Amino acid sequence: MTATTTTSNTDRRINIGEVDDYLRSRGVHLRSRLSFEQLLEFWRSLVRQTKGMHSTMAQEVVDRVEAAPALLAEAVDMETVSANMDLIECMLTAVIPPAQQNEAFVGAFRPFSTDLVYATQKFRDYLSGEDGAHKHVQVNMDMESVVQAKIMSAYSMILARFYGRRFEHIAPFVFTAQNPADGLDLHFRSEIDPRFMDIKVDGELPQLSDDDIDALMKNSTDLEMWSRLLPLDLFVFSGVSIFAATDVSEQETLSRLKYRLIESDALTNAASFDRLERAVRNIMRRRDLRLGITPFANDYETMMMFAGRLGRSLILTDDCGLKCDAFKDSVYQRAYEAGGFEVETDLERLPNRRGTEELLLRAGLRNIAVAPLIHDGNVVGMIELASPNGGDLTSLNTLKLRQLLPMFAVAMKRSVDDLNAQIQQIIKNECTAIHPAVEWRFHRAAVNVLARQPGQDRSAGEMEPIVFEGVYPLYGLSDIRGSSTQRNECIRADLAGQLSLALDVVRAAAAVKPMPIFDELDFRLSGMVDSVIEHLGSGDELSILDYLRSEVEPLFQHLRTYSTRVDDIVRVYYDSLSPELNIVYRKRREFDESVARINDTVGQILEKAQERAQAMFPHYFEKYKSDGVDHGMYIGASLNADGYFDRMYLKNLRLWQLEAMCEAAVSTDRLRDDLPLPLESAHLILVQDTPLAIRFRVDEKQFDVDGAYNIRYEIIKKRIDKAVVKSSGERLTQPGKIAIVYSQNKEAREYEEYLHYLQSVGSIEPQIESFELEDMQGVSGLRALRVTVSGTQAARGKLNGREKAGKRLRLNGRGTRRATAEVAAEPGEHL
């Protein structure tokens, strides 16, 4: 008999004879000889201990064996065995009753050897063979474990025989053999009966203390210790070893199938799935059985893409072309509704076959059993069992697999989750955050990456280009009027304030201890204040701050010692600095807070309105914040997963955008007086009725227009916030108003309809202004409509188009440094 040891990586077949070679290579020799003395003694004991027919039968066996002296030898050779097989078989009825001769898996061997003395017919059929050649079996142990089990089995007998200590070294192991009739696996639990074996000592028996024996039993894997204290070559094992095997195929196959379903790649790895299929065949005892699992996914494309890779679906193949109606009234639908196995015993005889049944027949499958895989109340897939033989599967034998359905469901859910995680990782690596309206397209691209790279590190695969053709763009801008000027004036005010505070320290120190150096510092700081008030160059801020930090501030610690008043003024200087930036940042903070509040107000309006707009029809939306909020939208058939689109939804989105901009105009107008700096917002919409293409730029992680012609749209977007009315020079965008920029008359006519509607509901004022715009670099021929939003100060006549946005910070000329310093300080703060 040969054994296959199974390791974690691969299966390796070894012949049991190799075990003896391995033992010899390790210097271990198990001495044994075949003897029937112990078996004959068993029959003699029956003569003594029984009466009647049992005693008579036992005496007859003893007489016949004693009449064959060769069988009484201390060591019987195999030739003697062959010549006396009838007598040996008669003696072995002690362990193999005649009624079990054709049913039991039992063999008799020379102790600790592969010399087969006798075997039942089933043993020969499955494990040995008529010619005595040993067949291959699989053992879930490696060579080291097999060798150790054999050695420790010998040692356990020695301890029991000579030292009176029982040592259960190893449990009965399970091995696997092939059924010669159908090639399916059979699993056996093995046991060795040592009753007819004896051990003799060749020399002096080693003297072991209880401590020695305890140490041995605590170190059962330390064969070197065992060999040192109990050399095996001192012992000779004689007699007959009885090897009995019990068929545990169903229990063992179920156990192994459960274990394999726990493996992370049970359904995704081809070799792992082959093992699952073989296990199911063994359980069902059907060698032609096919196993399939059809996963359920959120979309048809994903389900088709992975059906052949995740679970090896029998129906969702690359060329099946099945649609949903093919499953109606089929065995699949019946199983889904029933929640358990549904069986068609012979599809050839089935009238009114559906598309699924026809597909299975074309694949050579006549018999099908299907059941849903349910996890947490949700169907995550379907398990399929199929056979080319009608009647292989019945409602009765499929009961064997019912207890495994939850485990298949868990394996399916885990596999689907793992694949989704890989898909999301690809999307994350390639695209960062994705808008929900187009997530389906990125999901499909990620699925394609996984599909074309099976068995590799697929999360690093390159995605295909993501392009949406024929989409309509919408663009809107809520801009803070004069933000650049306001920011520059805030910088000037803060710088002038910090210089004036430093000048206060220098003058206070000079009053206590006049020195020429203080006059020079006064001159330079005064000049810087005047320069900042008149003009601030691009590099002036950095040079001024560098001068203060390197030339002026290092003096302050020493100057503080001049007097209490100087110390107080130094403290005022440092208290006026921002802890984070270490500069005067009061006016700039007011500006930043005002801009942030305006941006948050507009952003919240758009986000809230977007929820309603997406519910009407899905579209791509993005927004960006700087000195204001600009947003872009794209809508069209290619953006929709099912490819559906109607121009009505474009018109609806344009009207929605106008309504959202009206709300933003009113909200920012009302916010103005509550801001630290009363900044004003102007609002603009760009119209383009010609569809274009957008492409996802992987390097920039965002969408951009695709194609040279479409670039014009991007150029207009970047420049229209500075557009002016032709001939008048008036800025198109004005606080409290919405400007609508367009190129074609049909665009104006469409938006005029929307504006008339908004007038009717009171959102905008009655007057609609129409302008031609001055040409800009690379852009010409633009026109615009402009309306005043009701509820704003512009509607109430409080503003005119030429009034500058925001509150101007008036910085006086020379000789007003004290006033400038007060602008930078908090009201009531001591200078």
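For clarity, every value in this text was computed on a predicted model and none was experimentally measured.

Cut-off values and rules
Residues numbered from 1 in each chain as written. Predicted model: local features only at pLDDT ≥ 70, side-chain atom pairs only at ≥ 80, totals over all residues. Heavy atoms only, no water. Helix = DSSP H or I, 4+ residues; strand = E, 2+ residues; numbered from the N terminus. Buried < 20%, exposed > 50% of the residue type's maximum accessible area, 1.4 Å probe, protein only. Contact = heavy atoms within 4.5 Å. Areas by Shrake-Rupley, 256 points an atom, 1.4 Å probe, with all protein chains shown as cover. 1 Å grid on protein atoms, 1.4 Å probe; cavity = no way out; pocket = protein on both sides within 12 Å on 5 of 7 lines; lining within 4 Å. Points joined across faces, edges and corners; volume = space filled by probe spheres on them. Nonpolar A, V, L, I, M, F, W, Y, C, P; charged D, E, K, R; others polar. Axes fitted to C-alpha atoms, helices over the stretch in contact; angles between N-to-C directions. Parallel < 35°, antiparallel > 145°, perpendicular 65-115°, else oblique. Left-handed = near helix turned anticlockwise from the far one by under 90°. Lys, Arg positive; Asp, Glu negative; His and termini not counted. Salt bridge = Lys/Arg side-chain N within 4 Å of Asp/Glu carboxyl O. pLDDT = per-residue confidence, 0-100. Core = buried A, V, L, I, M, F, W, Y, C linked by side-chain atoms within 4.5 Å. Expected span 1.5 Å × (residues − 1). Pairing = 2+ DSSP bridges. Polar contact = N/O pair within 3.5 Å; in protein donor to acceptor, adjacent residues only side chain to side chain. Phe/Tyr/Trp six-rings, centres within 6.5 Å; stacked < 30°, edge-to-face > 60°. Lys NZ or Arg CZ within 6 Å of the ring centre and 35° of its normal.

**Focus on the overall build of the chain**
Within the chain, the regular secondary structure consists of 25 helices and 24 strands. When the 831 residues of the chain are sorted by exposure, 49% land in the buried category. Long-range pairs, those at least 24 residues apart, make up 69% of the contacts in the chain between residues at least 6 apart in sequence. On the chain, roughly 39600 Å² of surface is accessible, and the fraction owed to carbon and sulfur atoms is 48%.

**Thoughts on empty space enclosed by the protein**
Counted according to the given criterion, the structure contains 1 cavity of 30 Å³ or more. Considering only enclosed or pocket space, the largest cavity measures out at about 80 Å³ in volume. Every residue lining the largest cavity is counted, 11 residues in all, and those nearest its centre are Thr 668, Asp 669, Glu 680, Ser 681 and Pro 735. Per-element accounting of the lining of the largest cavity gives the leading share, 3 residues, to helix 22 (residues 647-671). Residue classes in the lining of the largest cavity are distributed as 5 nonpolar, 3 polar and 3 charged.

**Focus: the packing of helix 10 (residues 249-262) against helix 11 (residues 270-284)**
Taken N-terminus to C-terminus, the directions of helix 10 and helix 11 make an angle of 155°; their axes are 10 Å apart at the nearest point. Considering their axes alone, helix 10 and helix 11 lie roughly antiparallel with respect to each other. For the pair helix 10 and helix 11, the crossing hand works out as left-handed. The residues of helix 11 that touch helix 10, namely those facing Thr 253, Leu 254, Leu 257, Arg 260 and Leu 261, are Arg 275, Leu 276, Ala 279, Val 280, Asn 282 and Ile 283. For the contact of helix 10 with helix 11, the residue count by class is 7 nonpolar, 2 polar and 2 charged.

**Quick look at the environment of Leu 71**
Examined against the element boundaries, Leu 71 turns out to sit in the loop between helix 3 (52-66) and helix 4 (78-83). Under the relative-accessibility criterion, Leu 71 is labelled buried at 1%. Along the backbone, Leu 71 and Leu 87 are 16 residues apart, and their C-alpha atoms lie at a distance of 9.1 Å.

**Things to note about the side chain of Glu 747**
By the secondary structure assignment, Glu 747 is in helix 24 (residues 745-760). Despite its burial, Glu 747 remains without a salt bridge, the nearest opposite charge being carried by Arg 654 at 5.9 Å. In contact with Glu 747, not counting residues within four places along its chain, are Val 687, Gln 688, Asp 689 and Tyr 742.

**Comments concerning the packing of helix 17 (residues 483-512) against helix 20 (residues 564-575)**
Each packed pair of helices is defined by two parameters, the angle between the axes and the distance between the axes. Where helix 17 contacts helix 20, the two axes come as close as 9 Å, and the packing angle between them is 170°. If you check the angle between helix 17 and helix 20, you find them roughly antiparallel. Of helix 20, the residues touching helix 17 (which contributes Gln 498, Leu 501, Ala 502, Asp 504, Val 505, Ala 508, Ala 509 and Val 512) are Arg 565, Val 566, Ile 569, Val 570, Val 572 and Tyr 573.

**What to know about the confidence of the model for the chain**
Here the chain averages 83 in pLDDT, while 84% of its residues score no lower than 70. Contacts of residues 798-831 to residues separated by more than four positions or lying in other chains number 65 contacts, the stretch itself having pLDDT below 50.

**Comments concerning the nonpolar core**
Proteins that are soluble and globular tend to have nonpolar side chains buried together. Of all hydrophobic cores here, the largest spans 35 residues; its most connected members are Leu 499, Leu 525, Leu 548, Val 552, Phe 556, Leu 559 and Tyr 573. Every element with two or more residues in this core is listed here: helix 17, helix 18 (516-534), helix 19 (540-559) and helix 20. Not counting the four nearest positions on each side in its chain, Val 552 is found in contact with Ala 502, Leu 521, Leu 525 and Tyr 547. Grouped together as the second largest cluster of nonpolar side chains are 33 residues, Ile 293, Leu 310, Leu 373 and Ala 409 included.

**Details of the pattern of salt bridges**
Inspection of the entire model under this criterion finds 47 salt bridges. Taking the shortest distance from any N to any O, the salt bridge between Asp 346 and Arg 349 comes out at 3.6 Å. What makes Asp 346 buried here is its relative accessible area of 11%. Accessibility expressed as a relative area gives 72% for Arg 349, which makes it exposed.

**As for helix 2 (residues 37-49)**
For helix 2, with 13 residues, the first-to-last C-alpha span of 18 Å sits near the 18 Å given by 1.5 Å per residue. Those residues of helix 2 lying buried are Gln 38, Leu 39, Leu 40, Trp 43 and Ser 45. Buried positions along helix 2 lie against helix 3, helix 5 (85-91), strand 9 (197-201) and strand 10 (235-239).

**What to know about the pairing of strand 8 (residues 185-193)**
Note: strand 7 (residues 174-178) against strand 8, 5 bridges, orientation antiparallel. Counted as the bridge partner of Phe 175 is Phe 188 from strand 8. Joining the antiparallel neighbours strand 7 and strand 8 is a turn of 6 residues, in which Gly 183 adopts a positive phi near 75°. Note: strand 8 against strand 11 (residues 241-247), 6 bridges, orientation antiparallel. Bridged to Asp 193 within strand 11 is Ile 242.

**A word on helix 11**
Between its first and last C-alpha, helix 11 extends 21 Å over 15 residues, near the 21 Å set by a 1.5 Å rise per residue. Buried residues of helix 11: Ser 272, Phe 273, Leu 276, Glu 277, Ala 279, Val 280, Asn 282, Ile 283 and Met 284, and no others. The N-terminus of helix 11 is capped by Asn 269, whose side-chain oxygen sits 3.0 Å from the backbone nitrogen of Ala 271. Positive backbone phi, approximately 55°, marks Arg 285, located one or two places after helix 11.

**Examining the sheet that holds strand 3 (residues 31-34)**
Read from one edge to the other, the open sheet built from 3 strands follows the order 3-10-9, with strand pairing classed as mixed. Both edges of this open sheet fall to strand 3 and strand 9, since each of them pairs with a single strand only. Averaged over neighbouring strand pairs, the angle between their axes works out to 25° when direction is ignored. Here 5 bridges tie strand 9 to strand 10, and the two strands are oriented antiparallel to one another. Pairing of Val 201 across the sheet is with Phe 235, part of strand 10. Its contacts with the sheet put helix 7 (residues 143-163) on strand 9 and strand 10, and the angle it makes with strand 9 is roughly 75°.

**Structural notes on the pairing of strand 17 (residues 620-626)**
Here strand 17 runs beside strand 18 (residues 628-635); their pairing, made up of 7 bridges, is antiparallel. Pairing of Tyr 624 across the sheet is with Asp 630, part of strand 18. Between strand 17 and strand 18, which pair antiparallel in sequence order, lie 1 residue.

**Regarding the packing of aromatic side chains**
Tallying each qualifying case throughout the model produces 20 aromatic pairs. Ring plane angle 75° and centroid distance 5.4 Å describe the contact between Phe 105 and Tyr 126, whose orientation is recorded as edge-to-face. In this pair, Phe 105 is assigned in strand 4 (residues 105-109) and Tyr 126 in helix 6 (residues 121-128), connecting sequence segments 21 residues apart. In this pair, the class of Phe 105 matches that of Tyr 126, namely buried. Put simply, the rings of Tyr 472, Phe 617, Tyr 644, Phe 645 and Tyr 649 pair up and form one aromatic cluster. When the ring centre of Tyr 562 is taken as reference, the NZ or CZ atom of Lys 513 above it lies at 4.7 Å.

**Re unusual backbone geometry**
Here the phi dihedral of Asn 582 falls at roughly 60°; this positive angle occurs in a residue that is not glycine. Summarising the element assignment, Asn 582 is placed in the loop between helix 20 and helix 21 (586-616). With phi around 75°, Ser 727 is a residue other than glycine that occupies positive phi space.

**Observations regarding the sheet that holds strand 15 (residues 378-387)**
Spatially, 12-15-14-13 is the arrangement adopted by the 4 strands of the open sheet, whose pairing is antiparallel. Sheet topology places strand 12 (290-295) and strand 13 (342-344) at the edges, where each strand pairs with a single neighbour. Neighbour-to-neighbour, the strand axes of this sheet turn through a mean angle of 20°, independent of strand direction.

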